[in-house]
There are 4 protein chains.
Amino acid sequence: MAGTARSAGTAKGASSATTARTTVLGQNQYGKAENRVVRVVREGTTHHIKDLSVSIALSGDLEDVHYHGSNAHVLPTDTTKNTVYAFAREHGVDSAEEFGILLARHFVTSQEPIHRARIRIEEYAWERIATADPGGPAHSFVRKGQETRFCEVTHDGERWRIVSGLQGLTVLNSTHSEFHGYIKDRYTTLKEAYDRILATDVSARWRYRWDADDDGPAPDWDTAWDRARTHLLRAFAETYSRSLQQTLYGMGTRVIEGDDLIDEIRLSLPNNHHFLVDLEPFGLSNDHEVYLAADRPYGLIEATVLRDGAEALIPADPLDL
Amino acid sequence: MAGTARSAGTAKGASSATTARTTVLGQNQYGKAENRVVRVVREGTTHHIKDLSVSIALSGDLEDVHYHGSNAHVLPTDTTKNTVYAFAREHGVDSAEEFGILLARHFVTSQEPIHRARIRIEEYAWERIATADPGGPAHSFVRKGQETRFCEVTHDGERWRIVSGLQGLTVLNSTHSEFHGYIKDRYTTLKEAYDRILATDVSARWRYRWDADDDGPAPDWDTAWDRARTHLLRAFAETYSRSLQQTLYGMGTRVIEGDDLIDEIRLSLPNNHHFLVDLEPFGLSNDHEVYLAADRPYGLIEATVLRDGAEALIPADPLDL
Amino acid sequence: MAGTARSAGTAKGASSATTARTTVLGQNQYGKAENRVVRVVREGTTHHIKDLSVSIALSGDLEDVHYHGSNAHVLPTDTTKNTVYAFAREHGVDSAEEFGILLARHFVTSQEPIHRARIRIEEYAWERIATADPGGPAHSFVRKGQETRFCEVTHDGERWRIVSGLQGLTVLNSTHSEFHGYIKDRYTTLKEAYDRILATDVSARWRYRWDADDDGPAPDWDTAWDRARTHLLRAFAETYSRSLQQTLYGMGTRVIEGDDLIDEIRLSLPNNHHFLVDLEPFGLSNDHEVYLAADRPYGLIEATVLRDGAEALIPADPLDL
Amino acid sequence: MAGTARSAGTAKGASSATTARTTVLGQNQYGKAENRVVRVVREGTTHHIKDLSVSIALSGDLEDVHYHGSNAHVLPTDTTKNTVYAFAREHGVDSAEEFGILLARHFVTSQEPIHRARIRIEEYAWERIATADPGGPAHSFVRKGQETRFCEVTHDGERWRIVSGLQGLTVLNSTHSEFHGYIKDRYTTLKEAYDRILATDVSARWRYRWDADDDGPAPDWDTAWDRARTHLLRAFAETYSRSLQQTLYGMGTRVIEGDDLIDEIRLSLPNNHHFLVDLEPFGLSNDHEVYLAADRPYGLIEATVLRDGAEALIPADPLDL
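For the structure given in this document, a descriptive report is provided here. These numbers were taken from a predicted model, which means no experiment stands behind them.

Our focus in this paragraph is the interface of chain C and chain D. The interface is formed by 55 residues belonging to chain C together with 55 residues belonging to chain D. Buried surface at the junction of chain C and chain D, both sides included, amounts to about 4,900 Å², of which 61% is carbon and sulfur. Here chain C and chain D share five salt bridges between them. Salt-bridge contacts for arginine 89 of chain C lead to glutamate 289 of chain D; the nearest nitrogen and oxygen are separated by 3.2 Å. Our count for the contact surface shared by chain C and chain D stands at 26 residue pairs in polar contact (both at pLDDT 80 or more). Listed by contribution, the elements that provide at least two residues to the side of chain C that touches chain D are strand E2 (35–43), strand E3 (46–60), helix H3 (77–91), strand E6 (140–143), strand E8 (160–173), helix H5 (221–238) and strand E12 (290–293) of chain C. Its residues placed into classes, the side of chain C that touches chain D shows 29 nonpolar, 16 polar and 10 charged.

Moving on to unusual backbone geometry. Omega for the bond connecting arginine 296 of chain B with proline 297 of chain B falls within 30 degrees of zero, at -10°, which places this linkage in the cis form. Despite not being glycine, glutamate 34 of chain B shows a phi value in the positive range, around 60°. One can find glutamate 34 of chain B in the loop between strand E1 (23–33) and strand E2 (35–43). With a relative accessible area of 24%, glutamate 34 of chain B lands in the partly exposed category. Despite not being glycine, histidine 288 of chain D has its phi angle at roughly 60°, a positive value. For histidine 288 of chain D, the position within the fold is in the loop between strand E11 (274–276) and strand E12 (290–293).

We now examine the interface of chain C and chain B. In this complex, chain C contributes 97 residues to the contact, which on the side of chain B involves 97 residues. With both sides pooled, the region where chain C packs onto chain B buries about 8,500 Å², and carbon together with sulfur makes up 52% of that total. Put simply, chain C and chain B have four salt bridges between them. The partner of arginine 296 of chain B in a salt bridge is glutamate 34 of chain C, and the shortest N-O contact between them spans 2.9 Å. At the boundary of chain C with chain B, the tally comes to 46 residue pairs in polar contact (both at pLDDT 80 or more). Looking at which element gives the most residues to the side of chain C that touches chain B, the answer is strand E1 (residues 23–33) of chain C, with 11 residues. Within the side of chain C that touches chain B, the residues separate by chemical class into 36 nonpolar, 36 polar and 25 charged. As judged from the nine bridges shared by strand E13 (residues 298–307) of chain B and E1 of chain C, these two strands associate in the antiparallel manner. Its bridge partner lying in E1 of chain C, valine 305 of chain B is registered against leucine 25 of chain C.

On to helix H3 (residues 77–91) of chain D. All names here are of chain D. Spanning 15 residues, H3 covers 21 Å between terminal C-alpha atoms, matching the ideal 21 Å at 1.5 Å per step. Across the 15 residues that make up H3, a large majority, 13, are buried. One or two residues past the end of H3 sits glycine 92, with phi positive at roughly 70°.

Attention shifts here to the relation of the copies chain C and chain D. It takes a turn of 180° to lay chain C on chain D, together with a shift of 0.0 Å along the axis; the resulting RMSD is 0.0 Å. The transformation relating the two chain copies, once decomposed into turn and shift, fits a two-fold axis. Looking at the rotation axis and the C-alpha trace of chain C, the residue lying nearest is glycine 145 of chain C, at 1.8 Å. Comparing contact sets, 100% of the residues at the interface of chain C also lie at the interface in chain D, consistent with an isologous, same-surface contact.

What follows covers the packing of helix H5 (residues 221–238) of chain D against helix H6 (residues 244–258) of chain D. Residue and element names in this part refer to chain D. For the pair H5 and H6, interaxial distance at closest approach is 8 Å and the crossing angle is 145°. In this structure, the crossing between H5 and H6 has a hand that is right-handed. Every residue of H6 that contacts H5 at Arg227, Ala228, His231, Leu232, Arg234, Ala235, Phe236 and Glu238 is listed here: Thr247, Gly250, Met251, Arg254, Val255 and Gly258. A class-by-class count of the residues in the contact of H5 with H6 yields six nonpolar, four polar and four charged.

Our next topic: the side chain of histidine 288 of chain D. Only 3.1 Å separates the side chain of histidine 288 of chain D from the backbone oxygen of aspartate 195 of chain D, close enough to count as a polar contact. Within the structure, histidine 288 of chain D has its side chain in polar contact with the side chain of aspartate 287 of chain D (distance 3.1 Å). Beyond its immediate chain neighbours, meaning those up to four positions away, histidine 288 of chain D contacts Val40 and Arg42 of chain C together with Asp195 and Leu276 of chain D.

Before going further, it helps to examine the packing of aromatic side chains. This model, assessed by the stated rule, comprises 28 aromatic pairs over all chains. Consider the rings of tyrosine 249 of chain A and tyrosine 67 of chain D, whose centres lie 4.8 Å apart with planes at 75°: the pair is edge-to-face. Of this pair, tyrosine 249 of chain A sits in helix H6 (residues 244–258) while tyrosine 67 of chain D sits in helix H2 (residues 63–68), which puts the two residues in different chains. Put simply, the rings of Trp160, Tyr208, Trp210 and Trp221 of chain A touch in pairs and so form one group of aromatic residues. Sitting above the plane of the tyrosine 67 of chain B ring, arginine 21 of chain B keeps its charged end 3.7 Å from the centroid.

Thresholds, definitions, all that
- Residues numbered from 1 in each chain as written.
- Chains lettered and ligands numbered in written order.
- Predicted model: local features only at pLDDT ≥ 70, side-chain atom pairs only at ≥ 80, totals over all residues.
- Heavy atoms only, no water.
- Contact = heavy atoms within 4.5 Å.
- Buried area = accessible area lost by both parts, 1.4 Å probe.
- Salt bridge = Lys/Arg side-chain N within 4 Å of Asp/Glu carboxyl O.
- Polar contact = N/O pair within 3.5 Å; in protein donor to acceptor, adjacent residues only side chain to side chain.
- Helix = DSSP H or I, 4+ residues; strand = E, 2+ residues; numbered from the N terminus.
- Nonpolar A, V, L, I, M, F, W, Y, C, P; charged D, E, K, R; others polar.
- Buried < 20%, exposed > 50% of the residue type's maximum accessible area, 1.4 Å probe, protein only.
- Pairing = 2+ DSSP bridges.
- Expected span 1.5 Å × (residues − 1).
- Least-squares fit on C-alpha atoms with pLDDT ≥ 70 in both.
- Axes fitted to C-alpha atoms, helices over the stretch in contact; angles between N-to-C directions.
- Left-handed = near helix turned anticlockwise from the far one by under 90°.
- Phe/Tyr/Trp six-rings, centres within 6.5 Å; stacked < 30°, edge-to-face > 60°.
- Lys NZ or Arg CZ within 6 Å of the ring centre and 35° of its normal.

Following this line, the structure appears as structure tokens:
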């Protein structure tokens, strides 16, 4: 399951397959992306729904299809799609993580050429619409929030990696944020700030320690997710910030300290700048009252926070050194 | 303020201005769009925020700038932007509608060549983040919902048109929706449905009757908006639907019957198809359990609902016959 | 076909249908939106493709479905989708306009309750990929440009309205643009500009005079569209601009003067601001060399240009007074 | 510069800094993202433009700001933005890659705490608008294509990694594509295809071998980019495809074989499904004539192709095992 194994072995085998080959295949994966499945459970006239976008990526013994166009080892992406819908019927959707585990295990164990499966799921939250008759039928829902829940389940036949998270959680502190004492060089014009708006769209991905079937019972994924979200919000609100980096670290630490099943978290926080507008030309003061919310450019602060002693396994960056 | 007046007069005057002209100017407007303003009010350590995107469109005596590039009648779009920020400081933002009224009145009354102003505002809702200390400082917010509140204020120096609304309110009924008894022609393959998911993204714009300063006190815009939203949600949930058209009409009627200050509403409802997946090939039943949420194409149902006797003033469609 | 007719008659009839009704139905339309159809024509090993997104909107005798949920007059949106694909096979796609005419005529003439059809089409352009063997097979294409071609065909059984256009045509002049001599009020801070970048995303919709089957032969739609696009580009490039309004008017006039089949054009031009960056703090000059391309806010200039004597029929604005 | 070094050393040092710490900092980076800069060069009345979006990410000795909110080692993101604009003036923009190298070298060598800089640049292409006077002024441009050029330059003070690429290059073959001979399991319903449309949006990132200042002259970045793009297009067009994987491998190989300065390429190819529409219910044949272009779900095929013997350095996937 080591990251470095991904090209070497593959490349060597492939290379020997033909004497004239000047290139070899490195890491590769394929599958159907963004399968939108809605699962309804009827409990009398009370309905429950789960709303997911499921993306499949499979890897394995796939040299032949790349080198020669032979599909003998290829389970069609269309089949991976069908499997998502069939599994939603056969097994239901308890949580996104549990559903991802079912799918990943299926692909790896049922098809010999498939050695690894990665299931990514986005989940969209709904809440009930209150109606005039509180005891009446309950089958009406309204989308809740703009943020999406995320999970990624990866399995290689032996071990698991379960990363959960969220994106699009937009938060703002209208005070308790400063920024000063930084490096000034030839290109620095920024004024030090002692009271500013701090706003960001939280993108967070945390990794659970649980990584094998014999590793004891799996976490209660929904409870853990709710708890992590609450910790992120509270840490953001309760941190008196002297930099967004400090806030980020505080948020990550709060999640790890608040759940001993989580070992690592990666946060990506854009600094959604709110500039205090200069109203002096109009003879007006502006004592932290009127701000311009800017789009681009934006600061971007990214970091991993680890439980002391834990290994960093969430990749930092798709094209990182 | 009649829609038909917009080009005729203008065109005639312009035409006579130059003998060689083969073309004339029709309806025209200009201004700065999407001014993003955040207004903070501090009440001790409890803060309140308003978050708006304000778009300005001005019309008037503007032939010269189009015909000859003379800007003598042009208030720069940059100035309209500055005015938004200055007004947020000078007058605060009570409601989006009230803020729009202040701006529209200012442009039309302060600049002789400007005869009409249209202010469109999108508002983004925030709710407080609960913190460990409920009596502590309250300056932390999280964006609420994906829907946006909308208003459009138009003023020609005499009369007002106030249209409020919302967009992006995504709702779903998992039952109580049928569709049958429709026309079947050569190209019809659709199976009749007696129990289907009905889902849509509500886009609604309603017009208040109030249209002149001497027309009595203006509505309480925030209360009216909340009430209309509640009516839309409840009517959607409580309607046993035999077509999305019927649901739409029920929603519009509920808003008008629920607020005697509203005379007209225009609804645009995409039919977000959820197809029951055929699981028979896998030996599985699917008794309204597993659905595929489709993107495109989608049904699109649009209609105006009017208080009996009211005039239709919300344009149906940008390029309508 | 008058715009004012759309609600009055409908409302009256509907109102009398039930004594208790407090609301009436106004303008309404429905259909399937964004049907994505790709039509391939094989000429030996040389293939040709048309790539369209077709949106249908039907109006007519539809009170019952809104008031009572009776679908007896409703041709399902699914059927309108099927018709698009079947017509692509039966009739081919000569031009987007011609295809829209076929569809609109079909819906209005084949279904008694349908009195009006509006077909909107977006077309995506492709160009051939040059290969090593110029005389070889020609079935490979690459998407051309980011702009899309647009047309809207509306038919009420007697007359036609054909509006063609484009959107997303992004253009930039790095000089020959000034802006000065404008109104200065209390809120004006803008510096006059004697040499600035002028950039915009052209959105244009023009109306052909042809509006009835017995109105002589219809224009050659593809030739007319190409010519209009060329005129827009050239007029933008060749106009020494003192305001974007002046440029807009010049562009519109060029299109009308360049094609005597076009009577009206509506242009919507965002002013994509490029701000000259102040590099003085770094001891650097900036003689029109380095610009910041801004996103929001942006100026927005909209106007109709009419052939002298023509009627304005392209609606100015969806929610216009 | 090894990927594994990013957390271990950092974590250890940080951990010892405070006895009570339960979490440690892992990989982190910060900077200003999406700085939109347009550089104009005037050669008489002929102008040239470069249009970039530049994103900065800096790493280094940044524990203090995360742990304690001390900004003493923080060069403000605002300063990194200013530097982009100042450098555009001081050095011009020869190519995106060269500009990235200048910036990365500057940040790493001018600020002791900054040990690594990663500069990502998107470039938007423009072409000249033909005007009536071919010898006249040439300062008018129209955006060319929807694809964007990409580069990422990473520097740690010693070595360089230069990855160039593109995204949004949409291509389609209307024949010469088959898909059959694949695994059939319980969930497989897909029919084998012997003549289908193959369409994708090419996202490609290739790595140059050049990685040190003393590694001889750097490639001619513009020439190399143009060549790679041409190879991608031609390989797509000229490959008779039995799977998208095979086409992908052929495209990657063509780029590497066509430029001995490129050692590795990562391709991500969505399978933009075009389904042959079943027109039998309407009594119509459909001999590869009418297709439905689908949005979601889509197949997603991703792989790295390496020059034989080269090391895989482009990360496969942000959250990959």
